[in-house]
Amino acid sequence: MEREAATSPNENGQESDAAAIRRHPALFRAIRRRQNPRLRRSDITVTDEAAVKRAVKAASLGNAMEWFDFGIYAYLAGTIGRVFFPSGSDTAQLLSSFATFAVAFLVRPLGGMVFGPMGDKIGRKKVLALTMILMAIGTAAIGLIPSYDSIGFWAPVLLIVFRLLQGFSTGGEYGGASTFIAEYAPDKRRGFFGSFLELGTLAGYTGAASLVTALTAWLGSDTMDAWGWRIPFLVAAPLGIVGIYLRLKLDDTPAFLKLEDSNVHVSEAATAVETTARGDLAKIFRTHWRMLILCIALVGAYNITDYMLLSYMPTYLSDELHYSESHGLMILVATMVLLMLIINQVGRLSDRFGRKPLLMAGMIGFFVLSAPAFVLVREGSLLAVSAGMLMLGLSLVCLLGTMSAALPAMFPTNVRYGSLSVGYNLSASLFGGTTPLVITALISVTGSDMMPAYYAMAAALVGVVAVACMKETAQQPLEGSPPSVQTDEEAAEIVEAGARTQDF
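Please read these numbers as outputs of a predicted model, since none were measured by experiment.

Right, let's get into the overall build of the protein. Helix and strand counts for the protein stand at 24 helices and two strands. In the protein, buried positions account for 55% of the 504 residues. By sequence separation, contacts in the protein at least 24 residues apart represent 85% of the contacts at least 6 residues apart. Carbon and sulfur atoms make up 63% of the accessible area of the protein, which totals about 20500 Å².

Okay, here's the thing in structure tokens:
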């Protein structure tokens, strides 16, 4: 009876517990050790910095090439509307083009449901190589489709088919690449290394925008409509081969290899957090639905603001403010280059101050600054447009530099790839890919060219709530994995600290 009173709450609460601990210190030490077995030095992963850098490079460069492929379509939306859809009003052609852009996002959740659990079963790197192969095929194939004037109805049909292939492959990309980096990086620098993934995203978008701008300036609009638009799509094939090579050269992540290798001795402490069960969809939806909902809300806010600035803005500048297509792209390229220069520092800040403060700063920035930014953009001068874009860009970089470290930490190792791929792509499908289409339709219906700002503000408000609900994970081990450190000295300190805690 005395033991029961000591181990369960009663009316005296903490005072009774403290008294019981004083009377039976050895008993309570034994209970604590059973509940929280000590980590052994062999349980802790000491990272190889050279291997981490190779992993980050492969994931980031591969991600850059994926988003180069995807960005090409967004920046050629106007041209694609004219090439693949019947002549009519410019708005109708643009809506048709953006609808086809959104179609790719409809199958992203399906891609996530296929590739995510596959990545938890057969490994991160194999699935990431496969997604890159499919994206390269889809993008290069778009560059070979005859125009509507040549084959009529079949031109938009084929365009949709290969856009679906692009979307399906992208469904396994972000969840896998962010998981790959997060599981390689040491706990205290996960934000810094994770920020390179979004550096790759910006580099891909910048490369796509720069190539489209250069070709438009060199060939002119008429030649671009005739055949020049095909060049960026065809460039995807050799770039894809480079990305595939980089990814296949690497070993899989230490966290996955530890799950996979049944011959490696795992202590009781590691077993408690790192099981060999494989993730599947039923388990993901049944066990992790709360985190999935939070992930969808967070990613939805992030994606709307991301695609509004990086994908839709050049079209907004050309169609609503009558900038030339190349002029609008040049301003966006300059903005993205600036973000690339500071994004890694944002990652460092998230390691030092936490993910939540940086994410909250970005969401509040969009909520407060979107309307003033679009007022400046509407003013039309180069200085005003650049200032408005910079305001939005600085808000976005707080999200870009932090999200790729925050999202993988929401799920345990054995279902991380699958859970993140499902949550991320469901949200991207509902909110990200539809952003250009929704904004264009809202402007058409309301006649207000401030609708992008209002849409971003609504998304940011949802994001503020989502960030407030998430747990802080900076400098902490990934759930389902033992600690990951940079040096043997750090590992020894963790083991010693754990021993002191258990010994009271």
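Of note, R230 is situated in helix α13 (residues 230-249). For the buried R230, which has no salt bridge, the nearest side chain bearing the opposite charge is D149, at an N-O separation of 10 Å. At a separation of 2.9 Å, a polar atom in the side chain of R230 contacts the main-chain carbonyl oxygen of G143. Setting aside residues up to four positions removed in sequence, R230 forms contacts with I142, G143, L144, I145, P146 and S147.

Okay, the nonpolar core next. Among the nonpolar cores identified, the biggest contains 111 residues, and Y75, F84, M313, Y316 and L407 are the most heavily contacted of them. Sort the elements by how many residues they give to this core and helix α17 (residues 289-319) lands first, with 16 residues. Every residue in contact with F84, bar those within four places of it in the chain, is listed here: I142, I145, P146, Y148, A155, P156, L159 and W229.

Attention now goes to a nonpolar patch on the surface. Together, V337, L338, L341, L390 and L394 make up a nonpolar patch on the protein surface, roughly 400 Å² of accessible area in all. Looking at the nonpolar patch, the elements with two or more residues in it are α18 (325-353) and α20 (382-406). For the nonpolar patch, the element with the most residues is α18, which contributes three residues. Tracing the chain through its elements places L394 in helix α20.

Interpreting fine coordinate detail is not advised for predicted regions of low pLDDT. In the predicted model, the protein carries a mean pLDDT of 80, and the fraction of residues at 70 or more is 81%. Contacts of residues 1-14 to residues separated by more than four positions or lying in other chains number 11 contacts, the stretch itself having pLDDT below 50.

Here we take up the environment of W289. Among the structural elements, W289 can be located in helix α17. For the pair W289 and G423, spaced 134 residues apart in sequence, the C-alpha to C-alpha distance is 9.4 Å.

Moving on, we get to the packing of helix α4 (residues 49-75) against helix α8 (residues 124-142). Here α4 crosses α8 at 25°, and the two axes come no closer than 10 Å. On the basis of the axis angle, α4 is roughly parallel to α8. Between α4 and α8 lies a crossing of left-handed hand. Residues G62, M65, E66, D69 and F70 of α4 form the contact with α8, whose participating residues are T131, M132, M135, A136 and T139. In terms of residue class, the contact of α4 with α8 is built from five nonpolar, three polar and two charged.

This part is about the environment of P412. With respect to the helices, strands and loops of the structure, P412 is situated in the loop between α20 and α21 (416-432). Take P412: its relative accessible area is 10%, and that puts it in the buried class. With 69 residues separating them along the chain, P412 and S481 place their C-alpha atoms 7.6 Å apart. Those residues in contact with P412 that sit more than four places away from it in its chain are H288 and E479.

All right, on to the packing of aromatic side chains then. What describes a pair of aromatic rings is the distance from one ring centre to the other and the angle between the planes of the rings. Considering all chains together, one arrives at nine aromatic pairs under this definition. Ring geometry for F115 and F168: centres 5.1 Å apart, planes at 55°, overall tilted. Of this pair, F115 sits in helix α7 (residues 108-122) while F168 sits in helix α10 (residues 154-170); the two residues are 53 residues apart in sequence, bridging distant segments of the chain. Aromatic pair F192 and F196: ring centres 5.2 Å apart, planes at 85°, arrangement edge-to-face. In this pair, F192 and F196 both sit in helix α12 (residues 190-228), four residues apart, roughly one turn of the helix. Here the aromatic cluster, defined as three or more aromatic residues joined through ring pairs, consists of F84, W229 and F233. Across the ring face of F192, the terminal group of R348 is positioned such that the distance to the ring centre comes to 4.2 Å.

What counts and what doesn't
Residues numbered from 1 in each chain as written. Predicted model: local features only at pLDDT ≥ 70, side-chain atom pairs only at ≥ 80, totals over all residues. Heavy atoms only, no water. Helix = DSSP H or I, 4+ residues; strand = E, 2+ residues; numbered from the N terminus. Buried < 20%, exposed > 50% of the residue type's maximum accessible area, 1.4 Å probe, protein only. Contact = heavy atoms within 4.5 Å. Areas by Shrake-Rupley, 256 points an atom, 1.4 Å probe, with all protein chains shown as cover. Lys, Arg positive; Asp, Glu negative; His and termini not counted. Salt bridge = Lys/Arg side-chain N within 4 Å of Asp/Glu carboxyl O. Polar contact = N/O pair within 3.5 Å; in protein donor to acceptor, adjacent residues only side chain to side chain. Core = buried A, V, L, I, M, F, W, Y, C linked by side-chain atoms within 4.5 Å. Patch = residues over 30% accessible without salt bridge, like charges linked within 9 Å, V, L, I, M, F, W, Y side chains within 5 Å. pLDDT = per-residue confidence, 0-100. Axes fitted to C-alpha atoms, helices over the stretch in contact; angles between N-to-C directions. Parallel < 35°, antiparallel > 145°, perpendicular 65-115°, else oblique. Left-handed = near helix turned anticlockwise from the far one by under 90°. Nonpolar A, V, L, I, M, F, W, Y, C, P; charged D, E, K, R; others polar. Phe/Tyr/Trp six-rings, centres within 6.5 Å; stacked < 30°, edge-to-face > 60°. Lys NZ or Arg CZ within 6 Å of the ring centre and 35° of its normal.

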